[in-house]
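# Secondary and tertiary structure notes
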Amino acid sequence: MNSLLNKMERKFGKYAISNLSLYIVIAYGIGYILSLTGTLDFLRLDPYLIMKGQVWRIVTWVIVPPSSLSIFTIIMLFFYYSLGTNLERTWGTFRYNVYIFGGMFFTLLGAIFLFVLYAIVLRQPADAVGMIVGYSFSTYYINMSIFLAFAAMYPNMQVLLYFIIPIKMKWMAIVYAFFILLTMIQGSFATRIAVVMSLLNFIIFFLGTRNFKSISPKEIKRRADFRNAVNNARTTTYTTSRTNSTGEVKKVITKHKCAICGRTELDGDHLEFRFCSKCNGNYEYCNDHLFTHTHKE
């Protein structure tokens, strides 16, 4: 998936919207204003009314706020804006756009699927089904997908929940996952479809871009061997011969020795020694050969 995204970015990257999170928050602000005028219901995602000619609902549903306006809503919007902005800096503008618009696209597909299933296949009243879909599908879980993506990228980052409570992202993600699971169990079929489709972008993005080689048994063993080699090197000493000013040859104990040139820390204060994490074994190299040697299998 990474290669596909790279190709798409080279071709369509110039069309990506910078600072997309800000526009999402502005859209919610417009939605809250419209809710005061009672016109918000004309913007919801209702497949039945879309079929009747109200095609603007295909787009306008994204400005419908996920919850009523309160001080906690404002705090959470600020929180999601901060997470989204940092994700955009981490992934790049194009990939963040793909992630957000992908969530919106999958949500739209879920709404269409649910409407077709109930209104056409099961012969339920189309207007009632459309209304249920309109109130079941929103950007709530798309916002949650932003949080989950950030938690997957930075699990140990500590944030201040409500600007007061210090907590790591991974613990918040576990709590969120619990409530998502609870919603899936207790909610209706429409709710389950809405949750799954809205979070499908996170599932695809996470599985498609994750480097599973890093958690393979071979890679885990290699990292463990490397850590053991580094730990053992802290107590390992090397014996080398040196000739003093009187011509006498003496054996000297050193802590570091380059596996290529054999130099030690006694050969110059400018020398630094590091272990190579890609070599299979306890191999230490000086700064002249650390990046130029051939990795030992």
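Before going further, it helps to spend a moment on the overall build of the protein chain. Counting secondary structure elements, the protein chain contains 12 helices and 6 strands. Relative to its 297 residues, the protein chain shows a buried fraction of 36%. The long-range fraction of contacts in the protein chain, counting pairs at least 24 apart against all pairs at least 6 apart in sequence, stands at 59%. Split by element, the accessible area of the protein chain, about 17,900 Å² in all, is 63% carbon and sulfur.

To characterise two packed helices, one gives the angle between the axes of the helices and the distance between these axes. Here helix α6 (residues 93–121) crosses helix α7 (residues 126–136) at 150°, and the two axes come no closer than 10 Å. With respect to α7, the element α6 is oriented roughly antiparallel. Two packed elements cross with a definite hand, and for α6 against α7 that hand is right-handed. Contacts between α6 and α7 involve Ala111, Leu114, Phe115, Tyr118 and Ala119 from the former and Ala126, Val129, Gly130 and Val133 from the latter. Residue classes in the contact of α6 with α7 are distributed as 8 nonpolar, 1 polar and no charged.

Before going further, it helps to examine unusual backbone geometry. Positive phi values are uncommon outside glycine, yet asparagine 19 reaches one of about 55°. Secondary-structure assignment places asparagine 19 in the loop between α1 (2–12) and α2 (20–37). Notably, arginine 123 is not glycine yet its phi reads approximately 60°, a positive angle. Along the chain, arginine 123 turns up in the loop between α6 and α7.

Ranked by internal contacts, the top residues of the largest apolar core, which has 51 residues, are Leu83, Ile100, Phe137 and Phe147. Looking at this core, the elements with two or more residues in it are α2, α5 (71–91), α6, α7, α8 (140–153), α9 (169–186), α10 (189–198) and α11 (200–209). Aside from chain neighbours lying at most four places away, what touches phenylalanine 137 is Leu45, Thr107, Gly110, Ala111, Leu114, Ala190, Ile193 and Ala194. Counting residues in each nonpolar core, the second largest holds 8 residues, with Cys258, Leu271, Cys276 and Cys286 among its members.

With the rule as written, the count across this model stands at 3 salt bridges. Aspartate 41 serves as the salt-bridge partner of arginine 44, at 2.9 Å between the closest nitrogen and oxygen. Its relative accessible area of 39% is what places aspartate 41 among the partly exposed residues. Between aspartate 288 and arginine 263 there is a salt bridge; the shortest N-O distance is 2.6 Å. Here arginine 263 lies in the loop between β4 (249–254) and β5 (273–275) and aspartate 288 lies in the segment after β6 (284–286), a separation of 25 residues in the sequence.

Calculation criteria
Residues numbered from 1 in each chain as written. Predicted model: local features only at pLDDT ≥ 70, side-chain atom pairs only at ≥ 80, totals over all residues. Heavy atoms only, no water. Helix = DSSP H or I, 4+ residues; strand = E, 2+ residues; numbered from the N terminus. Buried < 20%, exposed > 50% of the residue type's maximum accessible area, 1.4 Å probe, protein only. Contact = heavy atoms within 4.5 Å. Areas by Shrake-Rupley, 256 points an atom, 1.4 Å probe, with all protein chains shown as cover. Axes fitted to C-alpha atoms, helices over the stretch in contact; angles between N-to-C directions. Parallel < 35°, antiparallel > 145°, perpendicular 65-115°, else oblique. Left-handed = near helix turned anticlockwise from the far one by under 90°. Nonpolar A, V, L, I, M, F, W, Y, C, P; charged D, E, K, R; others polar. Core = buried A, V, L, I, M, F, W, Y, C linked by side-chain atoms within 4.5 Å. Salt bridge = Lys/Arg side-chain N within 4 Å of Asp/Glu carboxyl O.

Honestly, that's just the spatial picture; any functional story needs more than this.
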